[in-house]
Amino acid sequence: MLVVGAAVAAIVLMASGSDDDSPGDKPSASASSSPRPTLSLPTGLPSELPTKLPTQLPSQFPTDLPSEFPSGLESLIPSFASDEVPYYMLRTGDCFDTDGGRPGQAAKRPCGKPHDAEVVKIAELEGDYTTDAALKKAASDLCERTLDDKAADQPGGTVRGILVQYPDPAGYRLGIDNVACSLAADTQGARKLTAPLT
């Protein structure tokens, strides 16, 4: 530390000179005499990438993975290959057909073409329900007044049934809480609606 300090002090003294010196005795500032910082890159960088990659990969994957969805969950998943959607993806004003073989599914249809039903209201279940009977009652209660009022506004003979779609207990535990309240032309599907409800 002392040596460096002495060297710095010596440089400062030599550059400052004294007042007694003549102008010719002062050192001139030139580009070659001033110290310049130099940059140098480290020479110890690797010149090649590693050539040894791991060759040991797991040879066996778990064999106990499920190969199918648990039964009953198919109705929760949209079928993107067709116009079928789970009922809980319907919105107020959507018209659709139902299929007794695929409960929980709805095939969306244009309201100006023949269709089974039209959604009048989407409601949301709240509370704890553990049985299908409890869910059915709660869903029916949510829809009853709206469906009665809307049915009364329709021309005579247009609407002859209601359709209340709600989640089963497993779906409700998964967080599906929508209820689709719909009016239908016929509870058996023999007749169709042919225009949007008024």
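Further up the page is the structure itself.
Residues numbered from 1 in each chain as written. Predicted model: local features only at pLDDT ≥ 70, side-chain atom pairs only at ≥ 80, totals over all residues. Heavy atoms only, no water.

**A short note on the overall build of the protein chain**
As a reminder, the rule being used: A run of DSSP states H or I qualifies as a helix once it reaches four residues; a run of E qualifies as a strand once it reaches two. Both are numbered from the N-terminal end. Summary of the burial criterion: residues with accessible area below 20% of their type's maximum are buried, those above 50% are exposed, and those between are partly exposed, where the area comes from a 1.4 Å probe applied to protein chains only. Any two residues having at least one pair of non-hydrogen atoms within 4.5 Å are treated as being in contact. Residue-level accessible areas treat just the shown protein chains as cover; the underlying method is Shrake-Rupley with a 1.4 Å probe.
Helix and strand counts for the protein chain stand at three helices and six strands. Considering the protein chain as a whole, with its 198 residues, one finds that 25% of them fall into the buried category. If you take every contact in the protein chain between residues at least 6 apart in sequence, the share linking residues at least 24 apart comes to 61%. On the protein chain, roughly 14700 Å² of surface is accessible, and the fraction owed to carbon and sulfur atoms is 58%.

**Thoughts on the sheet that holds strand 5 (residues 161-165)**
Quick reminder of the rule: One requirement defines pairing of two strands: DSSP has to find at least two bridges between them. In this analysis an axis means a line fitted to C-alpha atoms, helices contributing only their contacting stretch, and an angle means the value between N-to-C directions, from 0 to 180 degrees.
The strand order 1-3-2-4-6-5 describes an open sheet built from six strands, whose pairing is antiparallel. In this open sheet, the two strands that pair with only one neighbour each are strand 1 (84-86) and strand 5. Within the sheet, the average angular offset between the axes of one strand and its neighbour, ignoring direction, is 45°. Pairing analysis gives three bridges linking strand 1 to strand 3 (residues 105-109), with the strands arranged antiparallel. Across the sheet, residue Val 85 finds its bridge partner in strand 3, namely Ala 106. Where helix 2 (residues 132-152) meets the sheet, it contacts strand 4 (117-124), strand 5 and strand 6 (178-184), and its direction lies at approximately 30° from that of strand 6.

**A closer look at the pairing of strand 4**
Bridge count between strand 2 (residues 95-97) and strand 4: two bridges; the pairing is antiparallel. Each residue of the ladder has a partner; that of Cys 95, found in strand 4, is Glu 118. Where strand 4 lies against strand 6, seven bridges are found, and the strand directions are antiparallel. Across the sheet, Glu 124 pairs through a bridge with Asn 178, a residue of strand 6.

**Considerations on the pattern of salt bridges**
Oppositely charged side chains are able to pair whenever their charged atoms sit close together. Rules: Think of a salt bridge as a Lys or Arg side-chain nitrogen and an Asp or Glu carboxyl oxygen that are within 4 Å of each other.
Summed over all chains, the structure comprises seven salt bridges. Linking Arg 109 and Asp 83 is a salt bridge whose minimum nitrogen-to-oxygen distance equals 2.1 Å. Of the two residues, Arg 109 sits in strand 3 while Asp 83 sits in the loop between helix 1 (2-16) and strand 1, which places them 26 residues apart along the sequence. Overall, the relative accessible area of 29% leaves Arg 109 in the partly exposed class. We note a salt bridge from Lys 192 to Asp 97, for which the minimum N-O separation is 3.5 Å. One end of the pair, Lys 192, is in the segment after strand 6; the other, Asp 97, is in strand 2, with 95 residues separating them in the sequence. On the basis of relative accessibility, which here comes to 36%, the residue Lys 192 falls in the partly exposed class. A network of salt bridges, in which partner residues are shared, links Asp 83, Asp 97, Arg 109, Asp 116 and Lys 192.

**Some words on helix 2**
What counts, and what does not: Expected helix span is computed as 1.5 Å times (number of residues minus one). Values of bend correspond, residue by residue, to the angle between axes fitted over the seven residues ending at that residue and the seven starting there.
Taking 1.5 Å per residue, 21 residues should reach 30 Å; helix 2 reaches 29 Å between its end C-alpha atoms and fits that length. The axis of helix 2 is deflected most strongly, by about 40°, at Cys 143. Residues Leu 135, Ala 138, Ala 139, Cys 143 and Leu 147 constitute the buried set of helix 2. Buried residues in helix 2 make contact with strand 4, strand 5, helix 3 (169-173) and strand 6.

**Notes on the state of the cysteines**
Keep this limit in mind: Note on disulfides: each one is a pair of cysteine sulfur atoms within 2.5 Å.
For the structure on display, the rule yields two disulfides. Here Cys 95 connects covalently by a disulfide to Cys 111, the sulfurs 1.9 Å from one another. Taking the sign of the S-S torsion, about 100° here, the bridge from Cys 95 to Cys 111 comes out right-handed. One end of the pair, Cys 95, is in strand 2; the other, Cys 111, is in the loop between strand 3 and strand 4, and 16 residues separate them in sequence.

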